[in-house]
Amino acid sequence: QVEIRARVEGYLDKIAYEEGSLVKTGQLLFQLDPDQFKAALASAKAELAQRNALLTNADLILKRVRPLAKQNALSQQDLDNAIANQLTAEAQKQAAQAQMKQAQLNLGYTTIKSPLTGLAGSSNFREGSLITPGANSLLTTIVQLDPMWINFGVGENEMLKIREQIKSGELKGPGVENLRVEVLLADGSTYPQKGRITYVDPVVNADTGTFNMRVEVVNPNGALRPGQFVRVRIQGVVRPNAIMVPQQAVMQG
């Protein structure tokens, strides 16, 4: 889930997406009034042009002063002043370039696009509202649907037992990254796509006493939704020479 926030202050000109719909990466979501930022950019460009002219003039003066100073036609102080003026003009040009770049960035921030493909929530502001960056700048949220992440935890005691059994040879497997994960939905049905474990927390969660893990599974049709409860069944680990008991003969307690 990604929060879409405003980075500059301005009036909301347009909400360019349908709330609750699927949006694509790079799709326009919001348009802030760009006029003041266009004016700021034009002013920054004019300032840069002025600084370029001053730098050109300082360069020409320094070129004239250097040979005269070598001939002792001018004092060393005059040469030092010409060098300082040229360096100052160069620094002022760089500052003007930075201001112009910032003005370009601010103008770009008025066009707010989706950073990913997913479902877009409702807009927290209506057209004509004044948007300000900060804590209240949240415009909407976008939830990615494909691929989907499933978070689950394995108890610390269970994890220690598994590691000990792998070490003793009672369990054999291809490694966590190569295990396949079956997803069971709340109604007991099996999700058709298999997932894989992409993350294992290196530390134990102090609140739950579990190792947090994450499964990534493709979700092309949007059958899985954020906040949904599922069960995961890890496949690929083998217990050699084990006696299997029919599941119908086992009760949960």
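Check the entry above for the structure.
The structure presented is a predicted model; accordingly, all values stated were derived computationally and were not measured.

Rules behind the numbers
Residues numbered from 1 in each chain as written. Predicted model: local features only at pLDDT ≥ 70, side-chain atom pairs only at ≥ 80, totals over all residues. Heavy atoms only, no water. Pairing = 2+ DSSP bridges. Helix = DSSP H or I, 4+ residues; strand = E, 2+ residues; numbered from the N terminus. Axes fitted to C-alpha atoms, helices over the stretch in contact; angles between N-to-C directions. Contact = heavy atoms within 4.5 Å. Core = buried A, V, L, I, M, F, W, Y, C linked by side-chain atoms within 4.5 Å. Buried < 20%, exposed > 50% of the residue type's maximum accessible area, 1.4 Å probe, protein only. Salt bridge = Lys/Arg side-chain N within 4 Å of Asp/Glu carboxyl O.

Student: Looking at this structure, I do not really get the pairing of strand 2 (residues 10–15). What am I missing?
Tutor: The two faces of the sheet receive side chains in turn, since in a regular strand these alternate between them. Pairing geometry for strand 2 and strand 7 (residues 130–131), over 2 bridges, is antiparallel. Of the residues in strand 7, the one forming a bridge with glycine 10 is isoleucine 131.

Student: Before we go on, may I ask you to explain the sheet that holds strand 10 (residues 180–184) in this structure?
Tutor: Hydrogen bonds between backbone atoms are what pair the strands of a sheet, whose relative direction is either parallel or antiparallel. Strands sit in the order 9-12-11-10-13 across an open sheet of 5 strands; the sheet is antiparallel. Each edge of the sheet is formed by a strand with only one pairing partner; in this case those strands are strand 9 (148–155) and strand 13 (231–235). Sheet twist, expressed as the mean angle between neighbouring strand axes with direction ignored, is 40°. In the sheet, strand 9 pairs with strand 12 (residues 210–217) via 8 bridges, with the strands oriented antiparallel. Each residue of the ladder has a partner; that of valine 154, found in strand 12, is phenylalanine 211. On top of the sheet, helix 3 (residues 156–168) reaches strand 9 and strand 12; it is set at about 85° to strand 9, its chief contact.

Student: Before we go on, may I ask you to explain the nonpolar core in this structure?
Tutor: The tendency in soluble globular proteins is for nonpolar side chains to be buried side by side. Ranked by size, the top nonpolar core spans 18 residues in total, and within it Leu12, Tyr17, Leu29, Phe30, Ile131, Leu139 and Ile142 carry the most contacts. When residues of this core are traced back to their parent elements, those giving at least two are strand 2, strand 4 (28–32) and strand 8 (138–144). With 3 residues, the single largest contributor to this core is strand 4. Setting aside chain neighbours within four positions, we find leucine 139 in contact with Ile4, Arg5, Ala6, Phe30, Ile112, Ser122, Ser123, Asn124, Phe125 and Ile131. Val183, Val215, Val217 and Val230 belong to the second-largest nonpolar core, a separate cluster that totals 17 residues.

Student: I'm lost on the pattern of salt bridges in this one. Help?
Tutor: Side-chain pairing between opposite charges can occur once the charged atoms of the two side chains come close. Overall, the coordinates contain 4 salt bridges when judged by the stated rule. The closest approach of N and O atoms between arginine 51 and glutamate 47, which form a salt bridge, is 2.9 Å. Separated by 4 residues within a single helix, arginine 51 and glutamate 47 lie in helix 1 (residues 35–70), roughly one turn from each other. Residue class for glutamate 47 comes out partly exposed when judged on its relative accessible area of 25%. A salt bridge links arginine 233 to glutamate 182, with the nearest nitrogen and oxygen atoms 2.8 Å apart. Residue arginine 233 is located in strand 13, and its partner glutamate 182 is located in strand 10; the two are separated by 51 residues in the primary sequence. Owing to a relative accessible area of 40%, arginine 233 belongs among the partly exposed residues under this scheme. By relative accessible area, which is 12% here, glutamate 182 ends up buried.

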